[in-house]
Amino acid sequence: MLSKYMVDAYEKAVDQMSRGDFSSLPELHATSAGLKAFSTTIASEGIEVCRKCCGGHGYSKASGFPTLYADFTPSQTYEGDNTVLYLQTARFLVKCCAKVQLGGELQDNVAYLKDSSTLMRRDWLHSDVQLRIYGQRAKQVTIQAALRLQSLIDGGQQPHEAWNACSVQLVASAKAHCHYVAVQKYAEAVGKLQNKSSFGEYRVLKIMSDLFALHGIVESPGDFLEYGILTSTDLIELRLQVLNLLKALRPEAVALVDAFDIPDKMLGSVLGRYDGDVYTHLYKWAQQSPLNKTEVIDGYDTYLKPMFRGDFAQSKL
């Protein structure tokens, strides 16, 4: 969803720039930087969650996770360190806060900075409600970071020193913004399919969209509670809603994974085989190890067997 959005945004910006209009360039840069950091972080964390779910087998090279982990986690550093990229997004957000103060116009992705309404509906599965929650969180975190930055500058600090002093809050504001954009684009993409796909397909994708949005809240509820966006009672309801969504999604999990149509050779995982015959092929994979080429490993008779029999001289220590 996000990749398609970014491709479309890039092509639109290129078309505008070819006509001398560079107005969309700041948002394009800020959004692409932030979403790169956001997506690579949650993907890396997701790999680790999946590995743990497979128990000891997940730690085995046969699972494919060690290779996947080693290949993917560096993406949080190359093509731009994620912290640096988040700070570039935050710089754009601080400028947007200044625009709000001057009464300027904002792009759709940051329009939440001008939203002064409060959350009235508690329909947790409605995308507008989800976006309002994430928008209010992003707004509050960003405003607090911008206010502290300006306060330090007004207090006599150099702008770069004040920026460094606020970097933790600024990264938090960028993360909140990127999470909002992710929820927004996911909901928009699924909403467009409501009348274009079968009810079954739309239903499953809507469950995934809702789960993505609500799971992000219940896993990190601090900001939502701190700024009074949600109450403890709301969180209890949201956790129950997440459990219901997981129950509804579970029968569709295998089909959703198979929909990516990744061949076994590319997947490189005994656990993720298409035919599901895990243990037969796990045994075959183990037999390929050099240590299993013979019934007894080399060196056993020379080193281990005498030790087990007590043939070595006892230590004088």
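Structure shown above.
Heads up: these notes are all about the structure in this document.

**Examining the nonpolar core**
Grouped together as the largest cluster of nonpolar side chains are 60 residues, with contacts concentrated most on Val110, Trp124, Ile133, Leu170, Ile217, Leu230 and Leu238. When contributions to this core are tallied by element, the ones reaching two or more residues are helix 1 (2–18), helix 2 (25–53), helix 5 (82–101), helix 6 (127–154), helix 7 (159–165), helix 8 (167–192), helix 9 (199–219) and helix 11 (232–249). In this structure, Ile133 is in contact with Leu119, Trp124, Ile217, Phe224, Ile229 and Leu230, ignoring residues within four places of it in sequence.

**A closer look at the packing of helix 2 against helix 5**
Here helix 2 crosses helix 5 at 145°, and the two axes come no closer than 8 Å. For the crossing formed where helix 2 meets helix 5, the hand is left-handed. Here helix 2 contributes Pro26, Glu27, His29, Ala30, Ala33, Gly34, Lys36, Ala37, Phe38, Thr40 and Thr41 to the contact with helix 5, which in turn contributes Asn82, Leu85, Tyr86, Gln88, Thr89 and Phe92. Of the residues that constitute the contact of helix 2 with helix 5, the class distribution is eight nonpolar, seven polar and two charged.

**Digging into the packing of aromatic side chains**
According to the stated counting rule, one finds four aromatic pairs in the structure shown. Considering the side-chain rings of Tyr134 and Phe224, the 5.8 Å spacing of their centres and the 80° angle between planes classify their relative orientation as edge-to-face. Taken together, the positions of Tyr134 in helix 6 and Phe224 in helix 10 (residues 222–226) put the pair 90 residues apart, joining distant regions of the chain. Judged by its relative accessible area of 0%, Phe224 falls in the buried class. When the centroid spacing of 6.4 Å and the interplanar angle of 50° are considered together, the rings of Tyr300 and Phe308 count as tilted.

**Structural notes on the environment of His177**
Examined against the element boundaries, His177 turns out to sit in helix 8. Spatially, the C-alpha atom of His177 lies 65 Å from that of Pro306, the residues being 129 residues apart in sequence. Residue contacts for His177: discarding those within four places in its chain leaves Thr89, Leu93, Asn109, Val110, Tyr112 and Ala138.

**Remarks on the packing of helix 2 against helix 4 (residues 65–72)**
In the contact formed by helix 2 and helix 4, the axes pass within 10 Å of each other and the chain directions differ by 165°. Looking at the two axes, helix 2 sits roughly antiparallel to helix 4. As helix 2 packs across helix 4, the resulting crossing turns out to be left-handed. Packed against helix 2, whose contacting residues are Thr40, Ala43, Ser44, Ile47, Glu48, Cys50 and Arg51, the element helix 4 presents Phe65, Leu68, Tyr69 and Phe72 at the interface. Residues belonging to the contact of helix 2 with helix 4 are distributed by class as follows: seven nonpolar, two polar and two charged.

What counts as what
Residues numbered from 1 in each chain as written. Predicted model: local features only at pLDDT ≥ 70, side-chain atom pairs only at ≥ 80, totals over all residues. Heavy atoms only, no water. Core = buried A, V, L, I, M, F, W, Y, C linked by side-chain atoms within 4.5 Å. Buried < 20%, exposed > 50% of the residue type's maximum accessible area, 1.4 Å probe, protein only. Helix = DSSP H or I, 4+ residues; strand = E, 2+ residues; numbered from the N terminus. Contact = heavy atoms within 4.5 Å. Axes fitted to C-alpha atoms, helices over the stretch in contact; angles between N-to-C directions. Left-handed = near helix turned anticlockwise from the far one by under 90°. Nonpolar A, V, L, I, M, F, W, Y, C, P; charged D, E, K, R; others polar. Phe/Tyr/Trp six-rings, centres within 6.5 Å; stacked < 30°, edge-to-face > 60°. Parallel < 35°, antiparallel > 145°, perpendicular 65-115°, else oblique.

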